[in-house]
Amino acid sequence: QVQVAESGGGLVQTGGSLRLSCAASGMIFKINSMSWYRQAPGHERESVASISSRGDRHYADSVMGRFTISRDNTRNTMYLQMNNLKPEDTGVYYCNVDVTVATMSRPGASVWGQGTLVTVSS
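Quick caveat: nothing in here was measured; it's all calculated off a predicted structure. (Residues numbered from 1 in each chain as written. Predicted model: local features only at pLDDT ≥ 70, side-chain atom pairs only at ≥ 80, totals over all residues. Heavy atoms only, no water.)

(A) Representation of the packing of aromatic side chains within the structure. A complete count under the given rule lists one aromatic pair for this structure. A cation over a ring is seen here: Arg45 above Trp112, with NZ or CZ 4.8 Å from the ring centre. Stacked on the ring of Phe29, the Lys or Arg Arg106 has its end atom at 4.0 Å from the ring centre. (Phe/Tyr/Trp six-rings, centres within 6.5 Å; stacked < 30°, edge-to-face > 60°. Lys NZ or Arg CZ within 6 Å of the ring centre and 35° of its normal.)

See below:
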C-alpha cells in the first residue's frame, strides 16, 4: 500500500558530495517522520539522520555538520545532502518512512526502501 524508493547513490572521491532522494508513494494519509539509515560491510545498520513532520532534524554524531536532511511535503520526498564525504560513509543507504496509511483503520506503518549504494574512495 505504501512504497519507498531511494536514488542518488554512486561512487565519489573523498571530499565529494552526493544528494540522495527518497520518494514515498501509495496509500499515504500522513507521513509522520522520515529517516536515513546506512549499513557498511561488517557493521550494523545505523541511523544517519531523521526529520519529523514538524521539520525537527536529528543527525548521527559522525555526520553532523556534513549532512543535511530535508523533505518536500508536496512530493512526499526526502533528501540527504552529503558533503565532505569520507570513506567511512561508504555503505548502503536506506530510507525509512513512518506513515499513517490511508485506509479505513488508518494504521501506522514503517516502510523501508531497497537501498542505494554510496561508495567513497580514499
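(B) The arrangement of the pairing of strand β10 (residues 108-112) in detail. Here five bridges tie strand β9 (residues 91-101) to β10, and the two strands are oriented antiparallel to one another. Note on β10: the bridge partner recorded for Asp98 is Ser110. The turn linking β9 back onto β10 is made up of six residues, and Arg106 within it adopts a positive phi angle of 50 degrees. (Pairing = 2+ DSSP bridges. Helix = DSSP H or I, 4+ residues; strand = E, 2+ residues; numbered from the N terminus.)

(C) Representation of the side chain of Thr116 within the structure. Looking at the element boundaries, Thr116 is found in strand β11 (residues 116-121). On the basis of relative accessibility, which here comes to 11%, the residue Thr116 falls in the buried class. Ignoring any residue separated from it by four or fewer positions in sequence, one finds Thr116 in contact with Glu6, Ser7, Gly8, Gly9, Leu20, Gly91, Val92 and Tyr93. (Buried < 20%, exposed > 50% of the residue type's maximum accessible area, 1.4 Å probe, protein only. Contact = heavy atoms within 4.5 Å.)

(D) Just the pattern of salt bridges, in detail. One pass over the structure, following the stated rule, counts four salt bridges. Of the charged contacts in the structure, one is a salt bridge between Asp89 and Arg66, with a shortest N-O distance of 2.7 Å. Linking Asp89 in the loop between β8 (77-82) and β9 with Arg66 in the loop between β6 (57-59) and β7 (67-72), this pair joins segments that are 23 residues apart in sequence. In this pair, the class of Asp89 matches that of Arg66, namely buried. Across the salt bridge formed by Asp72 and Arg75, the nearest N and O atoms sit 3.6 Å from each other. Look at Asp72 and you get partly exposed, because its relative accessible area is 23%. (Salt bridge = Lys/Arg side-chain N within 4 Å of Asp/Glu carboxyl O.)

(E) Examining the nonpolar core more closely. Residues Trp36, Leu80, Met82, Tyr93 and Val97 are the most contacted members of the largest nonpolar core, which totals 30 residues. Of all the secondary-structure elements, those providing two or more residues to this core are β1 (2-7), β3 (18-26), β4 (28-39), β5 (46-52), β7, β8, β9 and β11. With five residues, β9 is the largest single contributor of residues to this core. Among residues more than four places away in sequence, those in contact with Val97 are Val4, Cys22, Ala24, Ile31, Ser33, Met34, Ala109, Ser110 and Val111. (Core = buried A, V, L, I, M, F, W, Y, C linked by side-chain atoms within 4.5 Å.)

(F) Highlighting the state of the cysteines. Summed over all chains, the structure comprises one disulfide. The disulfide bridge from Cys22 ends at Cys95, spanning 1.8 Å between sulfur atoms. With the S-S dihedral at roughly -70 degrees, the linkage between Cys22 and Cys95 falls on the left-handed side. Taken together, the residues span a long stretch of sequence, with Cys22 in strand β3 and Cys95 in strand β9 at a distance of 73 residues. Judged by relative accessible area, Cys22 falls into the buried class, the value being 0%. (Disulfide = S-S within 2.5 Å.)

(G) Expanded view of the sheet that holds β3. The four strands lie next to each other as β1-β3-β8-β7, forming an open sheet whose pairing is antiparallel. Unpaired on one side and paired on the other, β1 and β7 mark the two borders of the sheet. Between one strand axis and the next, the sheet turns by 15 degrees as a mean value, whatever way the strands run. With six bridges joining them, β3 and β8 adopt antiparallel strand pairing. Residue Ala23 lies in a different strand from β8, and its bridge partner there is Thr77. (Axes fitted to C-alpha atoms, helices over the stretch in contact; angles between N-to-C directions.)

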